[in-house]
Amino acid sequence: MVSLRGVDKYFGELHVLKHIDLTVQASEVVVVVGPSGSGKSTLCRSINRLESIDAGEIRVDGEPLPVEGPALAALRADVGMVFQSFNLFAHRTVLENVTLAPINVRRVPKVDARREAMELLDRVGIADKAGHLPAQLSGGQQQRAAIARALAMRPKVMLFDEPTSALDPEMVGEVLDVMASLAAEGMTMIVVTHEMGFARRAADRVVFMDQGQIVEEAAPDQFFDAPGSERARSFLASVLSH
Amino acid sequence: MNPLIDNLGLVLEALGTTLLMAVVAGVGSIVLGVLVTVARVSPIRALRVAAFGYVQFFINVPLLALLLLAVFALPDAGLMLPLTPTAIIVLIVYEAAYVAEAVRSGVNTVAVGQLEASRALGLTLAQSLRLVVLPQALRAVVQPIGNVMIALAMNTALAAAVGVVELTAAVNKINLVAAQPILIFSSAGVIYMGIALAIGLAAGRVERKVAIVR
């Protein structure tokens, strides 16, 4: 579904992605973990070209990423993205946030878009907030609305860029539950997160990144119980010890 | 007795011209100003450069000079328009530069994540600007645009210098006969203050109404 081949990315002098190879199968849930600055967010953002890459190739559903223009917009419509800072449209209600892209990109009739949006909001448990503005919601509710907004486009793959990192601890669970149910339904997902519990519970595969490289790829049990690399061991020791 | 009241018909007609210029040029400058802003933030370099040049030109050339140029030079170039429409067009292109500066500052207040989210959903850049960025940018700059509109209303008085019989020209004419400059021009000043106050209050109302809860 998603494949990266020899991807390199620089921020000026900084080599943030070093020759990344990664393939994600349909319905697979890949959780990307690693220390801050390891390049995992950049990796996630490069898959829908919010970050351009300097070398290599990224394919989504077999198609190479187009350059800027209508073709790229069409590809992005098929790739759902959930951001750390939610990024709900501040001037639109929750319902309008969810219907905006289906109506304007997919040309779904308004009535149908609203009905589908309400079903999605119901599914993420915030149907009662449909008429509210984003600022009137808690962080967890905003992130669930953002997930509904992405799902409304019926994406082939969902990217999560640290979706719980900006949340108060008591709201992390409600967002992870929605993500876990998505994973259980067979959505193809690439999740960048610091939530090791979620990685263990929902991932098919854990990818460990450090200093712009994929250091280790393994099934969650293997990764957490018997990490193969020294860097992964010290990372896990530091995040699991507190 | 106030000579302005003795000449109420003339004063009202001239006030009508002033208001017409202010309203038409106001709407026109907001539309043009937003378009200039779009050009200014577009990914096409030629458009950005052109919009930058536009804004710099009109901010750095006096309005009176532009009015004189349009009224006396354009007919020479074979472009004949009645005086009031000419003045309105000059006001539109002039004030649009100030509107564009205000709207651009509004665009800068819109978080980059808003644009990223709309692009990530598959909206084109034009759709992102129209549906996400500009609505938020404009909400943030209602009051600054109100100030530009007040300046525009006051600037309509300069049209008197090129022969448009608006409020200032009319009271000047009345004063030539009545010779009571303090009373006459103060009264005209009060009318301009009323216009400015009305625009300011309207901007305040609009701002409260469209404010984004954050």
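Residues numbered from 1 in each chain as written. Chains lettered and ligands numbered in written order. Predicted model: local features only at pLDDT ≥ 70, side-chain atom pairs only at ≥ 80, totals over all residues. Heavy atoms only, no water.

Chemist: Help me get a handle on the overall build of chain A, residues and values and all.
Modeler: Across its full length, chain A holds nine helices and 10 strands. Computed over the C-alpha atoms, the radius of gyration of chain A is 18 Å, within 12% of the 18 Å expected from 2.2 N^0.38 for a compact globule of 242 residues. For chain A, the proportion of its 242 residues judged to be buried stands at 57%. Pairs at least 24 apart in sequence give 66% of the contacts found in chain A among residues at least 6 apart. Only carbon and sulfur atoms are counted for the fraction: they give 48% of the accessible area of chain A, which is about 9,900 Å². (Helix = DSSP H or I, 4+ residues; strand = E, 2+ residues; numbered from the N terminus. Rg over C-alpha atoms; globule rule 2.2 N^0.38 Å. Buried < 20%, exposed > 50% of the residue type's maximum accessible area, 1.4 Å probe, protein only. Contact = heavy atoms within 4.5 Å. Areas by Shrake-Rupley, 256 points an atom, 1.4 Å probe, with all protein chains shown as cover.)

Chemist: If you had to explain the environment of Arg107(A) to someone new, which residues and values would you point to?
Modeler: Its location among the elements puts Arg107(A) in the loop between α3 (94–104) and α4 (110–123). Looking at Arg107(A), its side chain comes within polar contact range of the main-chain oxygen of Asn104(A), at 3.3 Å. (Polar contact = N/O pair within 3.5 Å; in protein donor to acceptor, adjacent residues only side chain to side chain.)

Chemist: An account of the environment of Tyr192(B) is needed here, citing residue identities and associated values.
Modeler: Residue and element names in this part refer to chain B. In this fold, Tyr192 is placed in helix α10 (residues 181–210). For the pair formed by Tyr192 and Thr18, sequence separation is 174 residues and the distance between their alpha carbons is 9.7 Å. With residues near it in sequence (within four places) discarded, Tyr192 still touches Thr18, Ala153, Met154, Thr156, Ala157, Glu166, Leu167 and Thr168.

Chemist: Account for the interface of chain B and chain A, naming residues and giving values.
Modeler: Where the parts come together, the accessible area they lose is often given as the size of the interface. Each side of the interface is counted separately: chain B has 21 residues, and chain A has 26 residues. At the boundary of chain B with chain A, total buried surface from both sides reaches about 2,000 Å², with 62% on carbon and sulfur atoms. On the surface where chain B and chain A come into contact, there are two salt bridges. Glu116(B) serves as the salt-bridge partner of Arg45(A), at 2.6 Å between the closest nitrogen and oxygen. Our count for the contact surface shared by chain B and chain A stands at eight residue pairs in polar contact (both at pLDDT 80 or more). (Buried area = accessible area lost by both parts, 1.4 Å probe. Salt bridge = Lys/Arg side-chain N within 4 Å of Asp/Glu carboxyl O.)

Chemist: Please provide a residue-by-residue account of the sheet that holds strand β5 (residues 63–64) of chain A, values included.
Modeler: Residue and element names in this part refer to chain A. Spatially, four strands are ordered β2-β1-β4-β5 in an open sheet, and the strand pairing comes out antiparallel. Each edge of the sheet is formed by a strand with only one pairing partner; in this case those strands are β2 (14–24) and β5. Two elements, strand β1 (residues 2–11) and strand β4 (residues 55–60), share five bridges in a ladder whose sense is antiparallel. By the bridge assignment, Arg5 is partnered in β4 with Glu57. (Pairing = 2+ DSSP bridges.)

Chemist: I'd like to hear about the packing of helix α8 (residues 142–155) of chain B against α10(B), residue by residue, with values.
Modeler: All names here are of chain B. Contact pair α8 / α10: the axes reach a minimum separation of 9 Å and the direction vectors enclose 160°. For the element pair α8 / α10, the angle class is roughly antiparallel. At the point where α8 passes α10, the crossing takes the right-handed sense. Contacts between α8 and α10 pair Val142, Gln143, Gly146, Met149, Ile150, Ala153 and Met154 from the former with Tyr192, Ile195, Ala196, Ile199, Gly200, Ala203, Gly204, Val206, Glu207 and Val210 from the latter. (Axes fitted to C-alpha atoms, helices over the stretch in contact; angles between N-to-C directions. Parallel < 35°, antiparallel > 145°, perpendicular 65-115°, else oblique. Left-handed = near helix turned anticlockwise from the far one by under 90°.)

Chemist: Can you explain a nonpolar patch on the surface? Please cite residues and give values.
Modeler: Among the surface-exposed residues, Leu20(B), Val23(B), Val24(B), Val27(B), Val31(B) and Leu35(B) lie close enough to one another that they form a single nonpolar patch of about 530 Å² accessible area. Mapped onto the secondary structure, Leu35(B) falls in helix α2 (residues 8–41). (Patch = residues over 30% accessible without salt bridge, like charges linked within 9 Å, V, L, I, M, F, W, Y side chains within 5 Å.)

Chemist: Break down the pattern of salt bridges for me, with residues and values.
Modeler: All names here are of chain A. Considering all chains together, one arrives at 25 salt bridges over all chains under this definition. The shortest N-O distance in the salt bridge between Arg115 and Glu119 comes to 4.0 Å. With a gap of four residues between them, Arg115 and Glu119 both fall in helix α4, about one helical turn apart. With a relative accessible area of 43%, Arg115 lands in the partly exposed category.

Chemist: Can you break down the confidence of the model for chain B residue by residue, with the values?
Modeler: Per-residue pLDDT for chain B has a mean of 94; in total, 99% of the residues score no lower than 70. The ipTM assigned to the predicted complex is 0.90, against a pTM of 0.87. (pLDDT = per-residue confidence, 0-100.)

Chemist: Residue-level account of the pairing of strand β6 (residues 79–82) of chain A, with values.
Modeler: All names here are of chain A. Going residue by residue along β6, you find Val79 and Met81 tucked away on one face and Gly80 and Val82 tucked away on the opposite face as well. Judged from the four bridges that link them, β6 and strand β7 (residues 157–161) form a sheet pairing that is parallel. Residue pairing for β7: Met81 is matched across the bridge by Leu159.

Chemist: So what about the sheet that holds β7(A)? Which residues, and what values?
Modeler: The pairing of strands in a sheet happens through backbone hydrogen bonds and is either parallel or antiparallel. All names here are of chain A. With mixed pairing, six strands are arranged side by side in an open sheet as β6-β7-β8-β3-β9-β10. Here the strands that pair on one side only, and so sit at the sheet edges, are β6 and β10 (213–218). Recorded for the sheet is a direction-independent mean angle of 15° between the axes of neighbouring strands.

Chemist: Would you mind going over the packing of aromatic side chains in detail, with residue names and values included?
Modeler: All told, the structure shown has six aromatic pairs over all chains when counted by the stated rule. Ring geometry for Phe208(A) and Phe235(A): centres 5.2 Å apart, planes at 40°, overall tilted. Here Phe208(A) is found in strand β9 (residues 205–210), whereas its partner Phe235(A) is found in helix α9 (residues 230–240), with 27 residues between them in sequence. The same class applies to Phe208(A) as to Phe235(A), namely buried. Relative to Phe58(B), the ring of Phe57(B) lies with its centre 4.9 Å away and its plane at 90°, an arrangement referred to as edge-to-face. In this structure Phe57(B) comes out as partly exposed when scored by relative accessible area, which is 45%. (Phe/Tyr/Trp six-rings, centres within 6.5 Å; stacked < 30°, edge-to-face > 60°.)

Chemist: Tell me about the environment of Gln114(B), and please be specific about residues and values.
Modeler: All names here are of chain B. Its place among the elements puts Gln114 in helix α6 (residues 112–120). Once the C-alpha coordinates of Gln114 and Val132 are considered, the two residues, 18 residues apart in sequence, prove to be 7.1 Å apart. Of note is the side chain of Gln114, whose polar atom sits 2.7 Å from the side chain of Gln136.

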